[in-house]
Amino acid sequence: YTPIRRCLQTSFALLLGQILAKKKNILYLNFEPFAGYSRFNMNSGKEEITNLMYFISNAREKFYQHFQTSIRSVNGLDYIPPAFSFVDLSIITAEQWIKLIEMIISECSYDYVILDLSDNLQGLFQILENCDRVYTITRDDGISMAKINQYEKLLTELEHRGINEKTKKFKFPEFRNIPYEIEQLPFCELSKYTKIIVREDLNEQLSEM
């Protein structure tokens, strides 16, 4: 998560997932209000992340089955299509999101779950508190630095210092071309930088990739 816009957060998250998927079982979840729905799923079905909420509250015994039918995959990376409507995202509570993530971890066999988070989520900070690692992209321009500073001060004021402690901040150089197609991301220049950024955290997994 980063409060800065248009900084390759989603490309980084998708690329990290595909890199790790070479050796591990990885799930990617997107929580953007406008994720570019067609980029993830060209079908018009209803298998998207917000629809899983019904099975948490009303039919938990059917959760795993519905979850499995919702999964899409690219280069070995599993993902649930993101929400089509930001309104559906905004009304889901922090407790519901955390319950969904807990159920996925307990009932589905993933080594890592990558969360591509956004400001519009209820309980953003509670979700970040439950993460093992938070990657935050920064930039050197004044506006970006001011946003990061405000975000970090808010974390302190609201007593979410644990998020700062588990956060790894970094910035990318300017790239000439980042592919639109998700499956092409591992072959672009961003891939090299992504491996460098996460090598310290995931050295064992990356050593053979």
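Here the structure is a predicted model, which means the values were calculated and not measured.

Parameters at a glance
Residues numbered from 1 in each chain as written. Predicted model: local features only at pLDDT ≥ 70, side-chain atom pairs only at ≥ 80, totals over all residues. Heavy atoms only, no water. Helix = DSSP H or I, 4+ residues; strand = E, 2+ residues; numbered from the N terminus. Expected span 1.5 Å × (residues − 1). Buried < 20%, exposed > 50% of the residue type's maximum accessible area, 1.4 Å probe, protein only. Arc of directions from axis to C-beta. Patch = residues over 30% accessible without salt bridge, like charges linked within 9 Å, V, L, I, M, F, W, Y side chains within 5 Å. Areas by Shrake-Rupley, 256 points an atom, 1.4 Å probe, with all protein chains shown as cover. Salt bridge = Lys/Arg side-chain N within 4 Å of Asp/Glu carboxyl O.

**Q** Account for helix H8 (residues 142–157), with residues named and values stated.
**A** Two residues of an α-helix separated by three or four positions point the same way, owing to the 3.6 residues in each turn. A rise of 1.5 Å per residue sets the reference length of H8, with its 16 residues, at 22 Å; its end C-alpha atoms lie 22 Å apart and thus fit the reference within 8%. For H8, every residue scored as buried is listed here: Ser-144, Ile-148, Tyr-151 and Leu-155. The buried side chains of H8 occupy one side of the element, clustering within an arc of 60 degrees when seen end-on. Of the exposed residues in H8, those oriented more than 90 degrees away from the buried face are Gly-142, Ile-143, Gln-150, Lys-153 and Glu-157. Note on H8: the residue one or two positions beyond its end, Glu-159, has a positive phi of about 60 degrees.

**Q** Break down helix H10 (residues 190–198) for me, citing the residues and quoting the values.
**A** Among all positions of H10, only Leu-190, Ser-191, Thr-194, Ile-197 and Val-198 are buried. Across the axial projection of H10, the buried residues extend over an arc of 125 degrees, all falling on one side.

**Q** Could you give me a rundown of a nonpolar patch on the surface, with the residues and numbers involved?
**A** A contiguous nonpolar surface patch, about 430 Å² in accessible area, is contributed by Phe-34, Phe-86, Val-87 and Ile-91. Note that Phe-34 resides in the loop between strand E1 (26–30) and helix H2 (37–40).

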